[in-house]
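Descriptive analysis of the structure
Letter by letter, the chains look like this.
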Amino acid sequence: MAETFSDLIAAEDVLLFVNAAVTATGQREFRSGAHAQRLSLGFLHEYVRVNYRPVYAASLALDINDHNAVLIIEALLRTAHEAGPEEKRAEGRLIARRLAMLPPQRVYRLFRELRAAGVGNRRTRAILREWLATRPDLAHDAVKYRTGLKSAARHFHLPPAALRLPPAAPRLTPEGTRQAAEARSDELGDFLFKPGRRKRYGHALLDAYRRAHFEQGALYELPFTVAEGFAARHGIPRGAFLERMEPRMTRLERLRTQRSALALADADTAGPRAARPRPADLTVMPLTRLALYVLSLPLDERMRRRGELSHALRTAARRVAGPYAGTWGRVAAVLDDSYSSSGSGEKRRRPLGTALACHYLLKALAAPGSYTPLWTSGSTDPLLVRPYGPTPLGTRIIDALDHTPDRLVIVSDGWDNAPPGLAGEVLRVWRTRLDREGRTSAVHLNPVYDADGFDVRRLAPSVPTAGIRDAEDLPALVEIAQFAEGRTGLAELRAYLDRRVERFVNDDPPCRLPEEGRRGGRPRGEDPSGSTVPDSTFSDSTVLDSTASEER
């Protein structure tokens, strides 16, 4: 009995950490500051790493956010001496696969942190080399993430081969071909460490960066974020710059600048015949990011663009639901749009955006005509929701149960305050007295991490609670929430994690239920700059077998 109780405690610890790793980002929330968030999250990482290191590493295969994925990778590489050879091999595969999914700027920042911590062992160097080998264009990284790539190459003593660009186009003579290849092979190192050595570069992007210092036309060949700095230096009007740069923008960059470009075009600041920017295609955006974009628009603009925005949200939701669309039967959702869903200055409207995205996804998952949404404010128009009023979760849960749904999904930060505690009491009576057979499955999804409680806030012990950040992860979180009911031990949880790890490392599509958006709203395999990241895993020859010589 003691062993069973110990397993339940261990499972509870692991689930507590998973909830934190899904929701917490170390930033200020509505009810807690950034310092408290970082302290609480740091303690959880240390506690789980020391006591459950294999599970700590396996959490990289779950739908945790990028911030916590980077913290886990950094902690595993810093404490390599605590793991045995087999653990290092397993960790190496997980780290390699997760790095391939992270935005490049986060990876370069991670290696800067490792440099500051004095970590430079053989395994870390091998992981960096293999990650760089998968980058589609190192010249692009050298231009856009120059400081990060330069710092990593210098601290981790990258060999020249790791910074070698593909050979230049061959010439007619064998001698000319060899000379062109040699001239191209070392120019990335010269670009990073000896920028004044070459008068020109063979790689078009590197040479465009050189010419952009004195030639305005060259900056339009650069990535948008790099070109912005050169445009300001040359004094180019913003409207003219955005008009010429528009074909090279990614979808997110086009969306971010669309409103300012429209304002400039309306004001005619770019000339008498300023062209209006091409509107971004909202239907291809990740669901949660699209919901946050909709909430950032004024109410009158939402009403004016109702057809466009509604169509985009429905399309994104159907894409996430995939083959599971219409398979959840009768679904009732209690969605929190109270004032606390406004989030904070760093996470503006994030809880409300998650609830809005969940609304459209649940509607796609429910059987046709069998979805009942209930917003805490009483709103009936999801496109016009805004953070307002108290949080009467108890009343809305009663209304939802009146529809006798097959599934009840509650998306809220858990601060039931109208009146306080009613939601928990309603759920307790309903589960223990009215629905002992479990005809209705219920789950509470909480988008806000509670730093004081080291977990997301719960409504009732009888209803499982899971943290959520992106609505795209809702189906998988509903699945893992079964372990939070307190009836499953560590063995079952570890078996589930082992299955997720195996599918994650082998890149099996069922590892992530149908969706295209990933952490932070980035489509899988897409660099925020617009480049495509290969989905193949790293080769095992270097990363997995380099477990010796782990001295710092």
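Quick caveat: nothing in here was measured; it's all calculated off a predicted structure.

Quick look at the overall build of the protein chain now. On a plain count of helices and strands, the protein chain comes out with 24 helices and seven strands. Every one of the 552 residues in the protein chain was classed for burial, and the buried ones make up 55%. For the protein chain, the proportion of contacts with a sequence separation of at least 24, taken over those separated by at least 6, is 69%. Accessible surface, the protein chain as shown: approximately 24,000 Å² in total, 52% of it carbon and sulfur.

Here we come to unusual backbone geometry. For the bond running from Ala418 to Pro419, omega is -10°, close enough to zero to count as cis. Along the chain, Pro419 turns up in the loop between strand 3 (407–411) and helix 21 (422–434). The backbone of Thr404 sits at a positive phi, close to 45°, despite the residue not being glycine. Of note, the phi angle at Phe454 is positive, near 55°, even though the residue is not glycine.

Among the six residues that make up strand 4 (residues 441–446), five are buried, leaving the element largely enclosed by the rest of the structure. In the sheet, strand 3 pairs with strand 4 via five bridges, with the strands oriented parallel. Opposite Val411, over in strand 4, you have Leu445 as the bridge partner. The pairing of strand 4 with strand 7 (residues 465–467) spans three bridges and is parallel. Following the sheet pairing, Leu445 is matched in strand 7 by Ala466.

We now examine helix 19 (residues 350–365). Compared with the 22 Å implied by 1.5 Å per residue over 16 residues, the 22 Å span of helix 19 between its first and last C-alpha is a close match. Burial runs high along helix 19: 15 of the 16 residues are buried.

Okay, the pattern of salt bridges next. Summed over all chains, the structure comprises 32 salt bridges. Between Arg78 and Glu74 there is a salt bridge; the shortest N-O distance is 2.7 Å. With Arg78 and Glu74 both in helix 4 (residues 66–78), this residue pair falls four residues apart, about one helical turn. Between Glu308 and Arg305 there is a salt bridge, and its shortest N-O distance comes to 3.0 Å. Residue Arg305 is classed as buried on the basis of its relative accessible area, which comes to 14%. Salt bridges linked by common partners bring Glu46, Arg49, Arg53, Glu82, Glu91 and Arg123 together as one network.

Cut-off values and rules
- Residues numbered from 1 in each chain as written.
- Predicted model: local features only at pLDDT ≥ 70, side-chain atom pairs only at ≥ 80, totals over all residues.
- Heavy atoms only, no water.
- Helix = DSSP H or I, 4+ residues; strand = E, 2+ residues; numbered from the N terminus.
- Buried < 20%, exposed > 50% of the residue type's maximum accessible area, 1.4 Å probe, protein only.
- Contact = heavy atoms within 4.5 Å.
- Areas by Shrake-Rupley, 256 points an atom, 1.4 Å probe, with all protein chains shown as cover.
- Pairing = 2+ DSSP bridges.
- Expected span 1.5 Å × (residues − 1).
- Salt bridge = Lys/Arg side-chain N within 4 Å of Asp/Glu carboxyl O.

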